[in-house]
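Residue-level structure breakdown
Listed below, chain by chain, are the residues.
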Amino acid sequence: MNDMTSNDEFRQYTAFARIDGAIMGLMWIASFFCFIGEFQMPLLSIVAIALGLASVAVATIRLRIFRDNVLGGSITFGRATLYSILTYFYAALLMALAQFLYFQFLDHGYLINQYIATLSTPEYAATVKSAYGIEAKQLIAVLQSSMGSLRPIEIAFQFLTLNVILGIILSIPAGAIIRRVRN
């Protein structure tokens, strides 16, 4: 295979991965906002989890569609894994942008205050004590000192890093499931 064909193929992979990453990123953003909203409407926590899990299935299905409709039904494990990693990477970038914008312009301490309020209830204080062996007040102090001092860009970067690592891990089984090489 010459370099031109390899470059064209890589451009094709990245173009389709960007589209699939945008779809998945929008699902993650909706999941994130459901997560934020769960403090006001607890049922949203189920929606947040469902969207997060469904995004993994959607990514795998979209990879299969790419294999079947664009590549003629054949893709190696390495290329399927690369495509999946690119998809997760683009989704993670979109999610990081949304989280940066949320923490920069909308949050104003809301999320950490909700966690502190939750941890301050007697039920959660007892759970923290029995599960972790520390007082809830200590955990609250750690949350305030660590999360309270982070800038929105730092929070977004931490989530970006976590999402990219998670995407790499999830791409390996996706590549193994979707690979199909015709002789």
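Let us look at the structure shown here. These numbers come from a predicted model, not from an experiment. (Residues numbered from 1 in each chain as written. Predicted model: local features only at pLDDT ≥ 70, side-chain atom pairs only at ≥ 80, totals over all residues. Heavy atoms only, no water.)

Further remarks concern the packing of aromatic side chains. Applying the stated criterion to the full structure yields 15 aromatic pairs. With centroids separated by 5.7 Å and ring planes inclined at 80°, the aromatic side chains of Phe33 and Tyr102 adopt a geometry described as edge-to-face. Of this pair, Phe33 sits in helix α1 (residues 3-37) while Tyr102 sits in helix α3 (residues 77-107), and the two are 69 residues apart along the sequence. The partly exposed category is assigned to Phe33, whose relative accessible area is 36%. Judged by relative accessible area, Tyr102 falls into the buried class, the value being 6%. (Phe/Tyr/Trp six-rings, centres within 6.5 Å; stacked < 30°, edge-to-face > 60°. Helix = DSSP H or I, 4+ residues; strand = E, 2+ residues; numbered from the N terminus. Buried < 20%, exposed > 50% of the residue type's maximum accessible area, 1.4 Å probe, protein only.)

Our next topic: the packing of helix α4 (residues 110-119) against helix α6 (residues 136-146). Their axes nearest at 10 Å, the elements α4 and α6 cross at an angle of 175°. The angle between the axes of α4 and α6 places the two elements in the roughly antiparallel class. On the side of α4, the interface is formed by Ile112, Tyr115, Ile116 and Leu119, while α6 contributes Ala136, Leu139, Ile140, Leu143 and Gln144. Looking at the contact of α4 with α6 residue by residue, the classes come out as 8 nonpolar, 1 polar and no charged. (Axes fitted to C-alpha atoms, helices over the stretch in contact; angles between N-to-C directions. Parallel < 35°, antiparallel > 145°, perpendicular 65-115°, else oblique. Contact = heavy atoms within 4.5 Å. Nonpolar A, V, L, I, M, F, W, Y, C, P; charged D, E, K, R; others polar.)

Another point: the side chain of Asp20. Mapped onto the elements, Asp20 comes out in helix α1. The exposure class assigned to Asp20 is buried, which follows from its relative accessible area of 4%. Separated by 2.6 Å, the side chains of Asp20 and Arg62 make a polar contact. (Polar contact = N/O pair within 3.5 Å; in protein donor to acceptor, adjacent residues only side chain to side chain.)

Moving on to the packing of helix α2 (residues 44-70) against helix α7 (residues 152-178). Two elements in contact, α2 and α7, have axes whose closest approach is 10 Å; the angle formed by their N-to-C orientations is 40°. In terms of axis orientation, α2 runs oblique to α7. The handedness of the crossing between α2 and α7 is right-handed. Residues Val56, Thr60, Leu63, Arg64 and Arg67 of α2 form the contact with α7, whose own contacting residues are Leu170, Ala174 and Ile178. (Left-handed = near helix turned anticlockwise from the far one by under 90°.)

A rise of 1.5 Å per residue sets the reference length of α2, with its 27 residues, at 39 Å; its end C-alpha atoms lie 36 Å apart and thus fit the reference within 8%. Taken together, the buried positions of α2 are Ala48, Ser55, Ala59, Leu63, Phe66 and Arg67. Just beyond α2, the residue with positive phi is Gly72, at close to 75°. (Expected span 1.5 Å × (residues − 1).)

Glancing now at α7. Owing to its 3.6 residues per turn, the α-helix brings residues three or four apart onto one side. If you check α7, its first and last C-alpha atoms are 37 Å apart, about what 27 residues at 1.5 Å a residue would give, namely 39 Å. For α7, the principal kink sits at Ser171 and spans about 25°; a proline, Pro173, occurs within the next four residues. Looking only at α7, the buried set comprises Pro152, Ile155, Ala156, Leu160, Asn163, Gly167, Ser171, Ala174, Gly175 and Ile178. (Bend = angle between axes of the 7 residues up to and from the residue.)

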